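# Residue-level structure breakdown
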Amino acid sequence: MAKPRIIALYLPQYHPFPENDEWWGKGFTEWTNVARARALFRGHEQPHIPADLGFYDLRMPEIRKQQAELARQAGIEAFCYYDYYFGNGKRLMERPFDEVVASGEPNFPFCLCWANHSWYKKLWDPKNPGKDKLLIEQKYDGEKDYTQHFMTLLPAFKDKRYVRVNGKLFYAIYDPMHFADVECFIKTWRKLAAENGLNDFYFVAADYNSESQQELFRLGFDATHNLDQYNIYHLASNLKKAWHTLLGKYLKRPRIYDYEEATRYMLHPDCSKPNVIPVILPNWDHTPRSGARGVVMKNATPAAFKRFAKRAIECVKDKPEQEQIIILKSWNEWGEGNYMEPDLQYGHGYINALKEAIEESR
């Protein structure tokens, strides 16, 4: 089989910017939550401390280059940077990606996923449970604004490093089901791609239930992600859900699942279809961001991740070569305990595990 096309989601945070200074205090970055995380139950590993790259600042090109080198060692084809565009030209956390495009470095493939959702205080502040103050609203302002969004990203789309599938530009949309105007958006961007000599887009939707897939295809998407990391919760009995709710409310304990049990729910049989992309994750612990309201997958290890990755590779091996895509969630979501980068606990363990999974599957 061909080498699987593993695309790793990438958080372009880890640098201060005015909005974060205003909302959280001068100099706030994701590292603030990561460093102050504490164990919430016996055997809970917190905080997670980065190894090779340290508590880095993504304004530094040296760090971005080292990330690409590590990803290449793991067998990852590309980074998929989150695109935080809120409408009417407003972007956040754009600096690292814009510098990658403008500088030509690192020489490592990339693509984009529009993280189209509003930001609320409760998502980032474990000390304020229940607070749902709106920080910035996701808006959809119609064809004129979709055109502005496209033109802002045009230098990236024209870059030779941009990931293509069957000659089309890979672009994912995080929340297609709450984007009422998504059909207009897709039609507008396809038209603009043709007008700018870009052939077309390969639009990918993050999808959370199989019933919605046909509707997403009707709206113009080419593929969907597989079901998300919370499947084990979504498919749990009402009694078990109630039990987790009580634990969190009265004992201040996060929802805890076994990693290997949870990952069994993530590879749906549909993942073998050309238009369904499996998603794998090395680990998960959302408590640095959300405290006792978080979700923890205990017993996540490089060895367990390797087994999961090999199952995903098996799912895609018979697809057309260009469509043997696997989404890796994520490269550097440290605040979600969801990362591949070296840490003090496992070193290069996850990078080596993915490399071995690829080599052994071939």
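Here the structure is a predicted model, which means the values were calculated and not measured.

### What about the overall build of the chain?
Within the chain, the regular secondary structure consists of 13 helices and 17 strands. For a compact globule of 362 residues, the expected C-alpha radius of gyration is about 21 Å, and the chain comes in at 20 Å, within 12% of that figure. For the chain, with 362 residues in total, the buried portion stands at 57%. Nonlocal contacts in the chain, meaning residues at least 24 apart in sequence, comprise 74% of its contacts between residues at least 6 apart. Total accessible area on the chain stands at roughly 15500 Å², and carbon and sulfur atoms take up 50% of it. For the chain, the distance from the average position of its 49 positive side-chain charges to the average position of its 48 negative side-chain charges is 4 Å.

### Brief notes about unusual backbone geometry
Of note, the amide linkage connecting E105 to P106 takes the cis form, showing an omega dihedral of 0°. Inspection of the secondary structure puts P106 in the loop between α4 (95–103) and β4 (110–114). Between K329 and S330 the backbone carries a cis peptide bond, its omega angle lying at 5°. Of note, S330 is situated in the loop between β15 (325–328) and β16 (332–333).

### Overview of the packing of aromatic side chains
Evaluation of the coordinates by the stated rule reveals 46 aromatic pairs. Considering the side-chain rings of W31 and W334, the 5.6 Å spacing of their centres and the 55° angle between planes classify their relative orientation as tilted. One end of the pair, W31, is in helix α2 (residues 30–36); the other, W334, is in the loop between β16 and β17 (338–339), and 303 residues separate them in sequence. Taking relative accessible area as the criterion, W31 reaches 7% and is therefore assigned buried. With a relative accessible area of 1%, W334 lands in the buried category. Residues Y171 and F203 carry aromatic rings whose centres are separated by 6.4 Å and whose planes lie at 85° to one another, so their mutual orientation is edge-to-face.

### Considerations on the environment of Q148
In this structure, Q148 sits in helix α5 (residues 143–157). According to the relative accessible area criterion, Q148 is partly exposed, its value standing at 37%. With 59 residues separating them in the primary sequence, Q148 and G89 have C-alpha atoms 6.8 Å apart. Once residues lying within four places of it in the same chain are set aside, the contact partners of Q148 are Y85, N88 and G89.

### A short note on the nonpolar core
One finds F157, F170, Y171 and W189 to be the most contacted residues of the largest nonpolar core, which totals 113 residues. Look past the residues within four positions of W189 in its chain and what remains in contact with it is Y146, H149, F150, L153, F157, Y171, F201 and F203.

### Some thoughts on the packing of helix α12 (residues 302–316) against helix α13 (residues 349–361)
Any two packed helices are characterised by the angle at which their axes cross and by the distance between the axes. At a closest axis distance of 8 Å, the pairing of α12 and α13 adopts a crossing angle of 35°. Note that α12 runs across α13; the crossing there is right-handed. Residue-level contacts link P302, F305, K306, A309, K310 and I313 of α12 to G349, Y350, A353, L354, E356, A357, I358, E360 and S361 of α13. Of the residues belonging to the contact of α12 with α13, the class tally is 9 nonpolar, 2 polar and 4 charged.

### Things to note about the state of the cysteines
If you walk through the whole model with that rule in mind, you get 0 disulfides. Among the cysteines around C80, which has no disulfide bond, C111 carries the closest sulfur, lying 3.7 Å off. Residue C80 is classed as buried on the basis of its relative accessible area, which comes to 1%. On the basis of relative accessible area, C111 is assigned to the buried category, the value being 0%.

### Some words on α13
For an α-helix, the turn length of 3.6 residues means that residues three or four places apart are oriented alike. Helix length check: α13, at 13 residues, gives a terminal C-alpha distance of 18 Å against a target of 18 Å (1.5 Å per residue), a fit within 8%. The set of residues buried in α13 consists of G349, Y350, I351, A353, L354, A357 and I358. Elements in contact with the buried residues of α13: β1 (5–10), α3 (61–74), α12 and β15.

### A few points about the side chain of N116
With respect to the helices and strands, N116 occurs in the loop between β4 and β5 (119–120). Aside from chain neighbours lying at most four places away, what touches N116 is Q138, Y140, I173, Y174, D175 and F179.

### Some thoughts on the environment of N275
Along the chain, the position of N275 falls in the loop between α10 (259–263) and β12 (276–277). For N275 and K319, which are 44 residues apart along the polypeptide, the C-alpha to C-alpha distance reads 9.4 Å. Once you skip the residues sitting within four places of it in the chain, N275 turns out to touch F217, D222, A223 and T224.

Conventions and cut-offs
Residues numbered from 1 in each chain as written. Predicted model: local features only at pLDDT ≥ 70, side-chain atom pairs only at ≥ 80, totals over all residues. Heavy atoms only, no water. Helix = DSSP H or I, 4+ residues; strand = E, 2+ residues; numbered from the N terminus. Rg over C-alpha atoms; globule rule 2.2 N^0.38 Å. Buried < 20%, exposed > 50% of the residue type's maximum accessible area, 1.4 Å probe, protein only. Contact = heavy atoms within 4.5 Å. Areas by Shrake-Rupley, 256 points an atom, 1.4 Å probe, with all protein chains shown as cover. Lys, Arg positive; Asp, Glu negative; His and termini not counted. Charge placed at Lys NZ, Arg CZ, Asp CG, Glu CD. Phe/Tyr/Trp six-rings, centres within 6.5 Å; stacked < 30°, edge-to-face > 60°. Core = buried A, V, L, I, M, F, W, Y, C linked by side-chain atoms within 4.5 Å. Axes fitted to C-alpha atoms, helices over the stretch in contact; angles between N-to-C directions. Left-handed = near helix turned anticlockwise from the far one by under 90°. Nonpolar A, V, L, I, M, F, W, Y, C, P; charged D, E, K, R; others polar. Disulfide = S-S within 2.5 Å. Expected span 1.5 Å × (residues − 1).

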